[in-house]
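Coordinates in review
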Amino acid sequence: VTSVNMATPPVAERPEVKVFGVDLSHHSQQIQFAVLGGGALVSALVFAFLQEKVFRVPDFHFGGFLSLITSLVYCVCSGFEQAGVPRKGTLRNYGLLALSTSAGMYFTNWSLEYLNYPTRIMFKSSKVIPVMLVGAVMQGKKYTMEQYGTALLLVAGITVFVLGEVEVSPTFNIIGIGLILVGVGCDAVTSNFEERYFFKEMKCSHAEVICYSSMIAACLTGLTIAYTGELSKATTHASEHPEVVKYSVISAVGGYLAVAFVLLLIKHFGATAAEVVKSARKVISIALSYLLLAKPFTPAHFVGGSLFVASVIIGARAKVNREQAT
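Let me begin by describing the structure that accompanies this report. (Residues numbered from 1 in each chain as written. Predicted model: local features only at pLDDT ≥ 70, side-chain atom pairs only at ≥ 80, totals over all residues. Heavy atoms only, no water.)

**Some points on the overall build of the protein**
A tally of regular secondary structure across the protein gives 12 helices and two strands. Listing each helix as α and each strand as β along the protein from the N terminus yields β-β-α-α-α-α-α-α-α-α-α-α-α-α. Residue burial in the protein is summarised as follows: out of 326 residues, 50% are buried. Surface accessibility of the protein: about 15,600 Å² in total, with carbon and sulfur atoms responsible for 68%. (Helix = DSSP H or I, 4+ residues; strand = E, 2+ residues; numbered from the N terminus. Buried < 20%, exposed > 50% of the residue type's maximum accessible area, 1.4 Å probe, protein only. Areas by Shrake-Rupley, 256 points an atom, 1.4 Å probe, with all protein chains shown as cover.)

So, in structure tokens, the structure goes:
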């Protein structure tokens, strides 16, 4: 069991904790953590469940359209938080960030035409591998053998799980793996770029980063799917299946809230606490996907899923140990 140190500091040292305008500063840190952690978990589960529902709508094959809706919703939600606050980051850097953000989202959503959602979650979790590689190149970071071992365990879990998918999933296609790997690579660049230029150097708020990057990403995605013809086909499909827009918008709101809650967790409780919550979210999301949306489950799924869970737990505990050591 992973523990997170939440000893309440003296009142004079306690920072202001606001969640979408609601001040939680007068509550104990245990309650603050419960609100932020519970909010991140529930929001992420809503995001995952409804996004998977979108791809189960008959004849829906429009990952770019889903990316456009998600970017627009992120822009609107963060715009409310950012209203009246001067921008700190440069538009040039936001343009570069939007390129990797929109590409990551586009290729990830596109991959769902060939992969089921649990497989997507596992591959997205493998982002830690390219993040480590990019971090070593961009920021000169160094990693321990334990971290590399956890990454290898994660790869083993994903590999065995995918073998189960090949056996039973009628929609599985190797193209999906290629697409999700491109998406994961773009996400790795996004994570390191955000950390280095926006959060460390410019001290930007999460609302500002999401607002401007999503605004530009929506423009890039809109132009792309208009050029490819996907936009017209997707709007025609949506007019025949209005639940697509409903599920997409609510899912995107859940996704934005999950991101906001996680960033608040990092700000007030550290990256380790956020990692514990994110790890629980991954495991619960996969379990609920199989429980709520009937899918075949093979021994390969069980073995691969077990290896994946083990890698998540070991990774989370390693982060706790490193933080406590410092």
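**Comments concerning the packing of aromatic side chains**
For any pair of aromatic rings, the description rests on two quantities: the centre-to-centre distance and the angle between the ring planes. Counted under the stated rule, the structure contains 10 aromatic pairs. When the ring of Phe 55 is compared with that of Phe 60, the centres are 5.2 Å apart and the planes differ by 90°; the resulting orientation is edge-to-face. Summarising the burial analysis for this pair, Phe 55 and Phe 60 share the class buried. For the ring pair Tyr 106 and Trp 110, a centre distance of 5.9 Å and an interplane angle of 75° mean the geometry is edge-to-face. Of this pair, Tyr 106 and Trp 110 both sit in helix 3 (residues 91-111), separated by four residues, roughly a single helical turn. Taking the relative accessible area as the measure of exposure, Tyr 106 reaches 16% and is therefore buried. The class for Trp 110 is partly exposed, based on a relative accessible area of 31%. One aromatic cluster is present, formed by Tyr 94, Phe 193, Tyr 197, Phe 198 and Tyr 212 through successive ring pairs. Here the guanidinium or amino end of Arg 87 rests over the ring plane of Tyr 212, the centre of that ring lying 5.7 Å away. (Phe/Tyr/Trp six-rings, centres within 6.5 Å; stacked < 30°, edge-to-face > 60°. Lys NZ or Arg CZ within 6 Å of the ring centre and 35° of its normal.)

**Some remarks on helix 8 (residues 206-228)**
Across its 23 residues, helix 8 extends 32 Å between first and last C-alpha, which sits within 8% of the 33 Å expected from 1.5 Å per residue. Immediately beyond the C-terminal end of helix 8, within one or two residues, lies Gly 229, with a positive phi of roughly 90°. (Expected span 1.5 Å × (residues − 1).)

**Some remarks on the nonpolar core**
Ranked by size, the top nonpolar core spans 40 residues in total, and within it Phe 60 and Phe 65 carry the most contacts. Residue contributions to this core peak at six residues, all from helix 2 (residues 63-82). Dropping the residues within four chain positions of it, Phe 60 is found in contact with Val 54, Phe 55, Leu 66, His 237 and Val 244. Counting residues in hydrophobic clusters, the runner-up holds 10 residues, among them Ala 40, Val 262, Leu 265 and Val 277. (Core = buried A, V, L, I, M, F, W, Y, C linked by side-chain atoms within 4.5 Å. Contact = heavy atoms within 4.5 Å.)

**Remarks on a nonpolar patch on the surface**
A cluster of nonpolar side chains, contributed by Phe 49, Ile 284, Leu 288, Leu 291 and Leu 292, occupies part of the molecular surface with about 440 Å² of accessible area. By residue number, the principal contributor to the nonpolar patch is helix 11 (residues 271-292), which donates four residues. Relative to the helices and strands, Ile 284 resides in helix 11. For Ile 284, a relative accessible area of 31% puts it in the partly exposed group. (Patch = residues over 30% accessible without salt bridge, like charges linked within 9 Å, V, L, I, M, F, W, Y side chains within 5 Å. Salt bridge = Lys/Arg side-chain N within 4 Å of Asp/Glu carboxyl O.)

**What to know about the environment of Leu 163**
Positionally, Leu 163 belongs in helix 6 (residues 145-168). Separated by 141 residues in the primary sequence, Leu 163 and Gly 304 place their C-alpha atoms 8.7 Å from one another.

**Looking at the packing of helix 1 (residues 29-55) against helix 4 (residues 117-125)**
At their nearest, the axes of helix 1 and helix 4 sit 10 Å apart, and the two run at 130° to each other. When the axes of helix 1 and helix 4 are compared, the pair comes out oblique. Helix 1 and helix 4 meet at a crossing whose hand is right-handed. Facing Phe 47, Ala 48, Gln 51 and Glu 52 of helix 1, the residues of helix 4 in contact are Tyr 117, Pro 118 and Arg 120. A breakdown of the residues in the contact of helix 1 with helix 4 according to their chemical character gives four nonpolar, one polar and two charged. (Axes fitted to C-alpha atoms, helices over the stretch in contact; angles between N-to-C directions. Parallel < 35°, antiparallel > 145°, perpendicular 65-115°, else oblique. Left-handed = near helix turned anticlockwise from the far one by under 90°. Nonpolar A, V, L, I, M, F, W, Y, C, P; charged D, E, K, R; others polar.)

**Description of the packing of helix 2 against helix 10 (residues 243-269)**
Between helix 2 and helix 10, the shortest axis-to-axis distance is 9 Å and the interhelical angle comes to 45°. Here helix 10 runs oblique to helix 2, going by the angle between their axes. The hand of the helix 2/helix 10 crossing is right-handed. For the pair formed by helix 2 and helix 10, the contact residues are Phe 65, Leu 66, Ile 69, Thr 70, Val 73, Tyr 74, Cys 77, Ser 78 and Glu 81 on the first element and Val 244, Ser 248, Val 249, Ala 252, Val 253, Gly 255 and Tyr 256 on the second. Here the contact of helix 2 with helix 10 is composed, by residue class, of 11 nonpolar, four polar and one charged.

**A look at unusual backbone geometry**
Although it is not a glycine, Asp 59 adopts a positive phi angle of roughly 65°. Checked against the element boundaries, Asp 59 lands in the loop between helix 1 and helix 2. Asp 59 gets classed as exposed once you look at its relative accessible area, which sits at 56%. If you check the backbone angles, Lys 203 has positive phi at about 55° while not being a glycine. Relative to the helices and strands, Lys 203 is located in the loop between helix 7 (174-201) and helix 8.

**Details of the environment of Ala 316**
Counting through the fold element by element, Ala 316 comes out in helix 12 (residues 299-325). In this structure, the C-alpha to C-alpha distance between Ala 316 and Thr 150, residues 166 residues apart in sequence, is 10.0 Å.

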